[in-house]
Structure formats: C-alpha cells, structure tokens
Amino acid sequence: YYLSSLPATFAGKTATITYTDFLPGINAKYTLTANQAIRASYYQSVLRPAYADLIPYPDATQETYLSVGNPYLQHITINNYDLRYEFFPGAFDEFLVGGFYKYLVNPIEQQFTHGQGESLVLEPVNLGNAHNYGLEVAATKFFGDVGVALNYTYTNSQITSLKRIDVLNQTSPTYRDQTRPLQGQAPNIGNFSLLYKNTRNGIDAQLALSYTGEMIQAVSEYYGLDTWQKASVNLDFSAQKSFGKHYV
C-alpha cells in the first residue's frame, strides 16, 4: 500500500496491491568424493518493483531524461533451474562450473516512451516473458597467503516484444515483433582478482578487474532503435584489517 502527494486527478496517486505467490524450492546434492559434489536445484522467486516505479510522476534525478513511474507495473516471478559441479581441493581453493536456466514472467524493463509533448521519458514496463540460460565458471587458487580468483558468466537472454514502425506517407504506424536480449542483461560478465589473505595478521585484501559486455541500456518503442551501452572494464581495490578479536 502507498499514498503519494500527487493530485487526485493522477492515476496511481494511491494504491493497494494484493497478490499471493507460492515459492517452492528443492535442492539435491550428490557427493562424488570428500571434496567433490554435484548440486541441482529448482526454486521460484519474486522481484517486486520499488514504490517510485509505480508512481506516475516525472522524476528529474536522471542526468539526461526524466523518469516516470507506471501504476500498472506487475511484479516479476522467476523460475530458476541450476546444475553445478563443485570441487574444493584446499582450505580456500575451489573450482565450480554450472549451468542455469531462468524463466522470467513479467520482467521489468526501462523503456523510452513519449511523455507530454514530444519529450522522451524513461518508464518501467512489462513487455512479455523472458528466457535466460547460460554457463558459470568460478575458480580460486592460493599459493600461501597470495591467491588468484576467476569467474565468468555467459548468459543468453531472449524476450520478444511488439515494436512500432513508422512508414513514410502512411498515417498509422505498423507493429512488428522483435526478439532481443533483456534490457540490462549483458551476455558476458567476468572478473579476475588478486587476493591476499593473512589470517595471522588479520589482513584481507583484493585487487579486482571486472568486465561487463555490451547490453541494452533502454528499450525503444520503435523497431531496432534500442539504446545500447558499450562494454566496460572496472578496476577496484579493497582491504580490511582486524585488530584483536573484536575490531575490523
């Protein structure tokens, strides 16, 4: 339930949203050896929109475009299937490889729509159901106090939504289905880290290089005109030191 300060003429000024989701889950583990196993799981999860995503009033916090809420937005229901092999050869060493499949009902995407006049606004919308499947690999190896860690995820994401096509000298637009990746879902994500862990002195440090592949930043109403974000590389450093038994 929410109550906003919008005028009474606005749809979505206030709302009471009621729904019930049953979230079943099952996990199975088969032990191969003392340090190797295969895990399989299925579970259902939900993702609820933020209150600001529901209130239909322009928000000027975006750098370039106004964003506006959608009072008709539905929450996301996700069916998750996972299969993973895991191997732990040492105290801090690990090797994991697995596959996953996710079926998303009513995923929320950010779409450019026409606001008042000809201005474009970003609006959260439900455009259909989506399929995500892929592969994950993670490995960590320590050589004394120094270690390296690597993880990589490949995701094939697909959603089909109806897009608008304006034809010259034609008064009304035509519409066509377009299959594309889910907004915000990069096909390739990887991280490489240098680790330092000294349990005697209470020092834990990490230098991480992360890569995120290109992805759709915002969906367009028009066929083939989605806004894409280029691939990015980030370098991060973090460290912590414990002092005695009670302080970090």
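In this convention, every chain numbers its residues from 1, walking through the sequence in written order. Under the rules for a predicted model, residues below a pLDDT of 70 receive no local features and side-chain atom pairs below 80 are neither given nor counted, while totals for whole chains, interfaces and linings still include all residues. Only hydrogens and water are removed before side-chain values are computed, so all heavy atoms of the structure are retained for them.

Undergrad: Looking at this structure, how should I read the pairing of strand β15 (residues 215-220)?
TA: Only protein chains enter the calculation, and the probe is 1.4 Å; a residue is then buried if its accessible area is under 20% of its type maximum, exposed if over 50%, and partly exposed in between. Strands are runs of DSSP state E lasting at least 2 residues, helices are runs of H or I lasting at least 4, and numbering of each runs from the N terminus. Within β15, five of the six residues are buried, which leaves it mostly tucked inside the rest of the structure. By the bridge criterion, two bridges tie strand β8 (residues 108-114) to β15 in an arrangement that is parallel. For F112, the partnering residue across the bridge sits in β15 and is S220. As defined by bridge partners, β15 adjoins strand β16 (residues 227-229) across three bridges and the pair is classed as antiparallel. Paired with I216 across the two strands is W228, which belongs to β16. At least two DSSP bridges between two strands are needed for those strands to be called paired.

Undergrad: For this particular structure, what's the right way to read unusual backbone geometry?
TA: With the exception of glycine, most residues fall at negative phi, and the peptide bonds are largely trans. One non-glycine residue, N106, lies in positive phi territory at about 60 degrees. Among the secondary structure elements, N106 is positioned in the loop between β7 (94-105) and β8. Given the relative accessible area of 25%, N106 is considered partly exposed.

Undergrad: Where do I start with the nonpolar core in this structure?
TA: When a protein is soluble and globular, its nonpolar side chains tend to lie buried together. Note on terminology: a nonpolar core comprises buried Ala, Val, Leu, Ile, Met, Phe, Trp, Tyr and Cys residues joined through side-chain atoms within 4.5 Å. Of all hydrophobic cores here, the largest spans six residues; its members are I76, I78, L104, A130, I159 and L182. For I159, the residues in contact, after removing those within four places along its chain, are P107, E109, L127, G128, N129, A130, Q178, T179, R180, P181 and L182. Note on contacts: a residue pair is in contact if any heavy atoms of the two residues lie within 4.5 Å.

Undergrad: It is not clear to me how the packing of aromatic side chains should be interpreted in this structure. Could you clarify?
TA: To pair, rings of Phe, Tyr and Trp, with the six-membered ring standing in for Trp, must have centres within 6.5 Å; the planes then decide the type, stacked if under 30 degrees apart, edge-to-face if over 60, and tilted in the middle. Enumeration over the complete set of coordinates arrives at five aromatic pairs. With a centroid separation of 5.6 Å and 55 degrees between ring planes, the pair formed by F92 and F142 is classed as tilted. Within this pair, whereas F92 is found in the loop between β6 (76-87) and β7, its partner F142 is found in strand β10 (residues 130-143), the two being separated by 50 residues in sequence. For F142, a relative accessible area of 13% corresponds to the buried category. Aromatic ring contacts, followed pair by pair, group Y42, Y81 and Y101 into a single cluster. A cation over an aromatic ring shows up here: K197 above the ring of F92, its NZ or CZ 5.4 Å from the ring centre. By definition, being over a ring means that NZ of Lys or CZ of Arg is both within 6 Å of the ring centre and within 35 degrees of the ring normal. One cation-aromatic arrangement involves K241 over F243; the distance from NZ or CZ to the ring centre is 4.7 Å.

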